[in-house]
Amino acid sequence: MPATKVTFDCAKCPGYCCTYDRIETKPADIARLAKYHGVTIAQATTRFTKTYTWEGKTERILRHQKDTVYKSVCMFFDTEARRCTIYKGRPSVCREYPDGKKCGYYDFIKFERKHQEDPAFVPNAGTL
Ligand code: SF4
Ligand code: SF4
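Residues numbered from 1 in each chain as written. Chains lettered and ligands numbered in written order. Predicted model: local features only at pLDDT ≥ 70, side-chain atom pairs only at ≥ 80, totals over all residues. Heavy atoms only, no water.

Undergrad: Account for the packing of helix 1 (residues 27-37) against helix 2 (residues 41-48), with residues named and values stated.
TA: Each pair of packed helices can be summarised by the angle the axes make with each other and by the distance between the axes. Orientation of helix 1 relative to helix 2, taken along the N-to-C sense of each, is 100°, at an axis distance of 8 Å. Classified by the angle between their axes, helix 1 and helix 2 sit roughly perpendicular to one another. Side by side, helix 1 and helix 2 meet where Ile-30, Ala-31, Leu-33, Ala-34 and His-37 of the first sit next to Ile-41, Ala-44, Thr-45 and Phe-48 of the second. Class assignment of the residues belonging to the contact of helix 1 with helix 2 gives a composition of 7 nonpolar, 2 polar and no charged. (Axes fitted to C-alpha atoms, helices over the stretch in contact; angles between N-to-C directions. Helix = DSSP H or I, 4+ residues; strand = E, 2+ residues; numbered from the N terminus. Parallel < 35°, antiparallel > 145°, perpendicular 65-115°, else oblique. Contact = heavy atoms within 4.5 Å. Nonpolar A, V, L, I, M, F, W, Y, C, P; charged D, E, K, R; others polar.)

Undergrad: Please give an account of the site of ligand 2 that cites residues and values.
TA: Neighbouring ligand 2 are Cys-18, Leu-62, Cys-74, Phe-76, Phe-77, Cys-84, Ile-86, Arg-90, Pro-91 and Cys-94. Residue composition of the shell around ligand 2, grouped by class: 9 nonpolar, no polar and 1 charged. (Near = heavy atom within 4 Å.)

Undergrad: Tell me about the pattern of salt bridges, and please be specific about residues and values.
TA: Oppositely charged side chains can pair when the atoms bearing their charge come close. In this structure the tally under the stated criterion is 6 salt bridges. With its nearest N and O atoms 3.2 Å apart, the salt bridge here joins Arg-32 to Asp-29. With Arg-32 and Asp-29 both in helix 1 and 3 residues apart, this pair spans about one turn of that helix. On the basis of relative accessible area, Asp-29 is assigned to the buried category, the value being 2%. Arg-82 is the salt-bridge partner of Asp-67, the closest N and O atoms lying 2.8 Å from each other. You can see Asp-67 sitting in the loop between strand 3 (64-66) and strand 4 (72-74) and its partner Arg-82 sitting in the loop between strand 5 (77-78) and strand 6 (83-84), a full 15 residues away along the chain. A residue is classified by how much of its surface remains accessible, and Asp-67, at 13% relative accessible area, is buried. Its relative accessible area of 18% is what places Arg-82 among the buried residues. (Salt bridge = Lys/Arg side-chain N within 4 Å of Asp/Glu carboxyl O. Buried < 20%, exposed > 50% of the residue type's maximum accessible area, 1.4 Å probe, protein only.)

Undergrad: Explain the environment of Glu-112 residue by residue, including any values.
TA: Relative to the helices and strands, Glu-112 is located in helix 4 (residues 104-116). You can call Glu-112 buried: its relative accessible area is 16%. Residues Glu-112 and Arg-82, 30 residues apart in the sequence, show an inter-C-alpha distance of 20 Å. With near-sequence residues (within four places) excluded, Glu-112 lies in contact with Phe-121 and Pro-123.

Undergrad: Can you lay out the site of ligand 1 for me, pointing to particular residues and giving the numbers?
TA: Around ligand 1 lies a shell formed by Phe-8, Cys-10, Cys-13, Gly-15, Tyr-16, Cys-17, Tyr-97, Pro-98, Cys-103, Tyr-105 and Tyr-106. Considering only residue class, the shell around ligand 1 consists of 10 nonpolar, 1 polar and no charged.

Undergrad: Explain the environment of Ala-28 to me, using residue names and the numbers behind them.
TA: Positionally, Ala-28 belongs in helix 1. Residue classification places Ala-28 among the exposed residues on the basis of a relative accessible area of 54%. For the pair Ala-28 and Ile-41, spaced 13 residues apart in sequence, the C-alpha separation works out to 9.9 Å.

Note that all results are geometric; they support no functional claim without further evidence.
Structure follows, in structure tokens:
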């Protein structure tokens, strides 16, 4: 039977998903970022994204900044408040995640917190 209630709580998470180093930005995402910030698409592309190449394919991903909890996090993440600063301008992949009632990152955090018997434990801090 499918889960009927949401099993993650972003308020108890240090923004783990925003530390993922490959937040893809499609042309529509970059156009949205440009509009949100009042800059040209070329400026948004340069300022907010960089290229990522693997297996001969190239995509544009959001730039990162140093983080206080993890090694790095999306440049649009408020590292003190632990939240997105461009909520209405965020890329599609951020809008879609997590696609359902479960969040894999949160499941991992919950598992480790239970294992460590520490409800505030942050697994992988400083290593991601
Ligand atoms: S990792 Fe999951 S629980 Fe944490 S902020 Fe992202 S969506 Fe929310
Ligand atoms: S744009 Fe916002 S939601 Fe998306 S990764 Fe960056 S901080 Fe997180």
